[in-house]
Amino acid sequence: MIADTKKVLVVDDEAHITLVVQRGLESAGYQVRVANDGSSALQSFRSWLPDLVITDLSMPAFDGLDLCSRIRGLSEVPILVLSVKDDEPTKVKALDLGADDYVSKPFGMAELTARVRALLRRSAVPVEGETGLEVGDFKINLEQRVVEVRGNPVHLTPKEFDLIQFLLANRSKVLTHKAILSAVWGSSSSEQPEYLRVFVANLRKKLELDPRAPRYIKTEPWIGYRFDPE
Amino acid sequence: MTLAAVTMILAVLPGFNQTAIALVLVLLVIVVAVTAGKGPALYVSILAGLVFNYFFIGQPNSFVINTLEDAVSFLIFIITAVVVGQLSSRLEKRSLQAEELLRSEQLKTALLDAVTHDLRTPLTSIKGAISTIRDRGISEEVRLELCEVIEQEADRLNRFIQGMMDLAKLEAGQLALESKNVSAEEIIEDALHRAEPLLARHRLQVSIEASLPGMQVDPRLISQVLYTLIENAAKYSGAGTMIGVSARRNGNSAVDFAVTDDGPGIAPELRAQVFQRFFRAGARPGFGVGLAIARGIVQAHGGVILIAEGNEGRGCCVHFQIPYGARA
């Protein structure tokens, strides 16, 4: 069980929210520490070295966005942001600054622990082997540029292969349109999300059992995509 | 006078013919239209027409127009000046209306964000606590702890709604005080009991002057004022810092309540504005009506509320004074 020993740092200036999240995660088997602002969170992060950070975005002085960018400068640890706002620009900014996922308030603990589990699972498995990797229903051979889904080889164009390779390497993370376009097509293409939509639609036709109800490549409305290979 | 002077100066300068001077006069009309509005623009247009006529049309230094050509020149100048002036004024008015609309839209968005924050924050604690109690094997101790969170956050939501109702009543002048004789100690005790979860990360110093006389006030509302000040102090000052709550005599007629903190303080130029509705100092989310309601309640009791420097020039100190025999 991943949950047995994993350490989670919870950051929010609302004492009741940190208490509830702490008790919920502790009951799921995680070790939890809380911090009530960005600077004490950073101190805790340096001394305790958590496996995952959950942070609110709106905090006084040193907010969640600052914290994401400061932690990202130190470590690749998964960061999950909590946001009371539904506005996409804030979420996109957090993701661009290094957050891996977000959960909108109010949330149930079942949803939060599922996201925590997914992020920890992803960080626990090595991303790449010598020539490929096998995760969930997907097997990818990087040398031969071949992808198998549920044991069946799938023919992909070179760009589709690059795209699935990037999604697989960043599985369970929310990826913004900008991040995907920059990684697969180069930074000059980052202003063309329509371009990406066409490729994702084609990939879904090739990979999904029902492309209209995708199981692997999920849309995060107005933000981007999340790839869940299992 | 200015028009005449400008026209005469231009007339003697080389390179300025009749057309150029007419254009300069129209420009003056535009400036007046944009800065002063429609009426003054019309007035200046007619005046410019007369000046132009006096110096340049027909016989010099005379209003007499002899030929049809001069009459047409005069008419065209007047029509152009009036039309341009009125259009410029209308354009300026529309631009101001558009700015006003944008400000109103921005305010609406900010208010919506603030309401969203003030409602969703307690809902998050409640939903998280309920789902943990329901779905997971937790100890009795944790269950009780989470039940307490639910109760306190439900009270917080209720206070938010009560605050909105108080604000509406204050604005309509319909806030009815349910006055009773209470002591400053009772008021402080009630406010501190409600603020207990907010103060968990701060040090608290309470000071109440001995033998303070009782006050004839609405205890719920005065306690709400004190709670708002403590909530702000806890919100804006860092963990581990001191929050002071005090009550003492103010002369022979009033009790002075004060809440001090070691936070960033409020700049002197913002101290009056913080009591306005929807004003928020700093980047903290919130509805921005707490101090507006507090001031309304204090004034309804015949008192005053003001902001001063905190201890040794640090932080903030909010005082409010309530007369002993406040309005019933």
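Cut-off values and rules
Residues numbered from 1 in each chain as written. Chains lettered and ligands numbered in written order. Predicted model: local features only at pLDDT ≥ 70, side-chain atom pairs only at ≥ 80, totals over all residues. Heavy atoms only, no water. Patch = residues over 30% accessible without salt bridge, like charges linked within 9 Å, V, L, I, M, F, W, Y side chains within 5 Å. Areas by Shrake-Rupley, 256 points an atom, 1.4 Å probe, with all protein chains shown as cover. Salt bridge = Lys/Arg side-chain N within 4 Å of Asp/Glu carboxyl O. Lys, Arg positive; Asp, Glu negative; His and termini not counted. Charge placed at Lys NZ, Arg CZ, Asp CG, Glu CD. Helix = DSSP H or I, 4+ residues; strand = E, 2+ residues; numbered from the N terminus. Expected span 1.5 Å × (residues − 1). Buried < 20%, exposed > 50% of the residue type's maximum accessible area, 1.4 Å probe, protein only. Pairing = 2+ DSSP bridges. Axes fitted to C-alpha atoms, helices over the stretch in contact; angles between N-to-C directions. Contact = heavy atoms within 4.5 Å. Phe/Tyr/Trp six-rings, centres within 6.5 Å; stacked < 30°, edge-to-face > 60°. Lys NZ or Arg CZ within 6 Å of the ring centre and 35° of its normal.

## Notes on a positive patch on the surface
Residues and elements named next belong to chain B. The grouping of Lys 38, Arg 90, Lys 93 and Arg 94 at the surface amounts to a positive patch. The element that contributes the greatest number of residues to the positive patch is helix H4 (residues 68-135), accounting for three residues. With respect to the helices and strands, Arg 90 occurs in helix H4.

## Here's the deal with helix H1 (residues 15-27) of chain A
Residue and element names in this part refer to chain A. Over its 13 residues, H1 runs 18 Å from end to end, which matches the ideal 18 Å to within 8%, given 1.5 Å per residue. Most of H1 sits inside the fold, with 10 of its 13 residues counted as buried. Of the positions making up H1, those classed as buried are His 16, Ile 17, Thr 18, Leu 19, Val 20, Val 21, Gln 22, Arg 23, Gly 24 and Leu 25. Gly 29 lies just past H1 and shows a positive phi near 100 degrees.

## Quick word on the sheet that holds strand S6 (residues 132-135) of chain A
Residue and element names in this part refer to chain A. Strand order in the open sheet made by the four strands is S6-S7-S8-S9, with antiparallel pairing throughout. Two strands bound the open sheet, and with one partner strand each, they are S6 and strand S9 (152-154). Shown here is a sheet whose adjacent strand axes are inclined to one another by a mean of 20 degrees, direction ignored. Pairing geometry for strand S7 (residues 138-141) and strand S8 (residues 146-149), over four bridges, is antiparallel. Counted as the bridge partner of Ile 140 is Val 147 from S8. Along the sheet face, helix H6 (residues 158-169) touches S6, S7 and S8 and points at about 120 degrees away from the line of S7.

## Considering the packing of aromatic side chains
Enumeration according to the criterion identifies six aromatic pairs over all chains in this entry. With 4.9 Å between their ring centres and 70 degrees between their planes, Trp 185 of chain A and Phe 199 of chain A make a pair best called edge-to-face. Remark: Phe 199 of chain A occurs in helix H8 (residues 193-207) and Trp 185 of chain A occurs in helix H7 (residues 177-185); sequence separation between them is 14 residues. Ring-pair connections join several aromatic residues into one group, and the members of that group are Phe 138, Tyr 216 and Phe 227 of chain A. Over the ring of Tyr 227 of chain B we find Arg 194 of chain B; its NZ or CZ atom is 5.2 Å from the centre of that ring.

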